[in-house]
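Descriptive structure summary
As a plain string of letters, each chain reads:
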Amino acid sequence: MSQIVKTETKSATMPKMQGKLFNAFKIEPFVHSLVFGKGLNPADTIRPSDIGMNAHAAKSALGAAVSVPGFITGLAWSLCAIAHGQKKLAALQEGLPVASAYALEHGSSMFKHGAGITANNLETIVLASLKAMLALPAPAKRVTKTPETPETPETPETPETPETPETPETPETPETPETPETPETPETPETPETAAASVAESALAAESALAAEATTAQSYVRAVTALPRDEAEQQLRAIALALGFRLVRIKAA
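Residues numbered from 1 in each chain as written. Predicted model: local features only at pLDDT ≥ 70, side-chain atom pairs only at ≥ 80, totals over all residues. Heavy atoms only, no water.

1. As for the overall build of the chain
Within the chain one finds 9 helices and 0 strands. For the chain, the N- to C-terminal ordering of α and β elements is α-α-α-α-α-α-α-α-α. The 253 residues of the chain split such that 24% are buried. Counting only contacts in the chain whose residues sit at least 6 apart along the sequence, the fraction spanning at least 24 positions is 74%. Roughly 19400 Å² of accessible area belongs to the chain as shown, and the carbon and sulfur atoms make up 57% of that amount. (Helix = DSSP H or I, 4+ residues; strand = E, 2+ residues; numbered from the N terminus. Buried < 20%, exposed > 50% of the residue type's maximum accessible area, 1.4 Å probe, protein only. Contact = heavy atoms within 4.5 Å. Areas by Shrake-Rupley, 256 points an atom, 1.4 Å probe, with all protein chains shown as cover.)

Okay, structure coming up:
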């Protein structure tokens, strides 16, 4: 039974540049000349030494620095070595690119490990391995996601300032009611007795006034007459002039 080593093939890809190199190269003629170059017949057993490579060179040819003729030669040698039991698949795949490891796994699954291989079978298996590898998808482009800039929170609207309630008008101070005028004390109606008394008082007042005037006149006459004659005349003339009279001297009888 052939020994099959499982490898991760779900994510196997083929670089675009490597695919372009292989597609531009004439693969089938090169593989045919590589296998039958030394005059082997299709049914003849082919050995790794018939290919003209060693393990180190084969692994390097299947590595990162890819040359299409070198890659095909390294693949053919590796598959032939596995078929004769000289190398293990896992050891040959170690450190190889995904596409190279995939081609080795695909080819090694088509024959019995350690039982040898004919020239015809090796040619067929190498071509099938290359075809399977070239059918791999190209690596997906890595898209660096730019972190989304968080949206600036909207500035909350400033709440409207509540209107200041109108100051209630100060109620007008009620006018102080006018102090009612103190009603005049009604005059006490005169009685007949009161009227008589009033007349009597008026008469007495008149008499007193006349008496006072008489007394004053008498006093004034005495004062004037007590003056020297010339001064007395001057006083009398002044009094007469003030009263609108003219003083006339009357001869004594």
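2. Details of the side chain of Gln 18
One can find Gln 18 in helix H1 (residues 16–23). The residues touching Gln 18, leaving out its near neighbours within four places in the chain, are Val 66, Phe 71 and Met 133.

3. With respect to helix H7 (residues 119–134)
The first and last C-alpha atoms of H7 sit 23 Å apart over 16 residues, in line with the 22 Å expected at 1.5 Å per residue. Taken together, the buried positions of H7 are occupied by Ala 119, Leu 122, Glu 123, Ile 125, Val 126, Ser 129, Leu 130, Ala 132 and Met 133. Here the buried face of H7 lies against H1, helix H2 (27–36), helix H4 (68–83) and helix H6 (98–108). (Expected span 1.5 Å × (residues − 1).)

4. Some details on the packing of aromatic side chains
Per the counting criterion, the structure on display carries 2 aromatic pairs. Considering the side-chain rings of Phe 25 and Phe 30, the 5.7 Å spacing of their centres and the 70° angle between planes classify their relative orientation as edge-to-face. Under the relative-accessibility criterion, Phe 25 is labelled partly exposed at 26%. (Phe/Tyr/Trp six-rings, centres within 6.5 Å; stacked < 30°, edge-to-face > 60°.)

5. Points about the environment of Ser 129
Mapped onto the elements, Ser 129 comes out in helix H7. Look at Ser 129 and you get buried, because its relative accessible area is 0%. Spatially, the C-alpha atom of Ser 129 lies 5.8 Å from that of His 106, the residues being 23 residues apart in sequence. Not counting residues up to four positions away in its chain, the partners in contact with Ser 129 are Leu 75, Leu 79, Ala 103, His 106 and Gly 107. A polar contact of 2.9 Å, which involves the side chain of Ser 129, links it to the backbone oxygen of Ile 125. (Polar contact = N/O pair within 3.5 Å; in protein donor to acceptor, adjacent residues only side chain to side chain.)

6. A few points about the environment of Ala 81
Along the chain, the position of Ala 81 falls in helix H4. Of the residues examined, Ala 81 reaches a relative accessible area of 0% and is grouped as buried. When neighbours within four sequence positions are excluded, Ala 81 is seen to be in contact with Pro 48, Gln 86 and Lys 87.

7. Some words on H2
The complete set of buried residues in H2 reads Ile 27, Val 31, Leu 34, Val 35 and Phe 36. If you follow the buried residues of H2, they end up packed against H1, H4 and H7.

8. Observations regarding the nonpolar core
Ranked by internal contacts, the top residues of the largest apolar core, which has 40 residues, are Phe 22, Ile 72, Leu 75, Val 126, Leu 130 and Met 133. For this core, the elements supplying multiple residues, two or more each, are H2, H4, helix H5 (89–93), H6 and H7. Looking at which element gives the most residues to this core, the answer is H4, with 11 residues. Apart from residues no more than four positions distant in its own chain, Leu 75 is found in contact with Leu 62, Ala 103, Leu 104, Val 126, Ser 129 and Leu 130. (Core = buried A, V, L, I, M, F, W, Y, C linked by side-chain atoms within 4.5 Å.)

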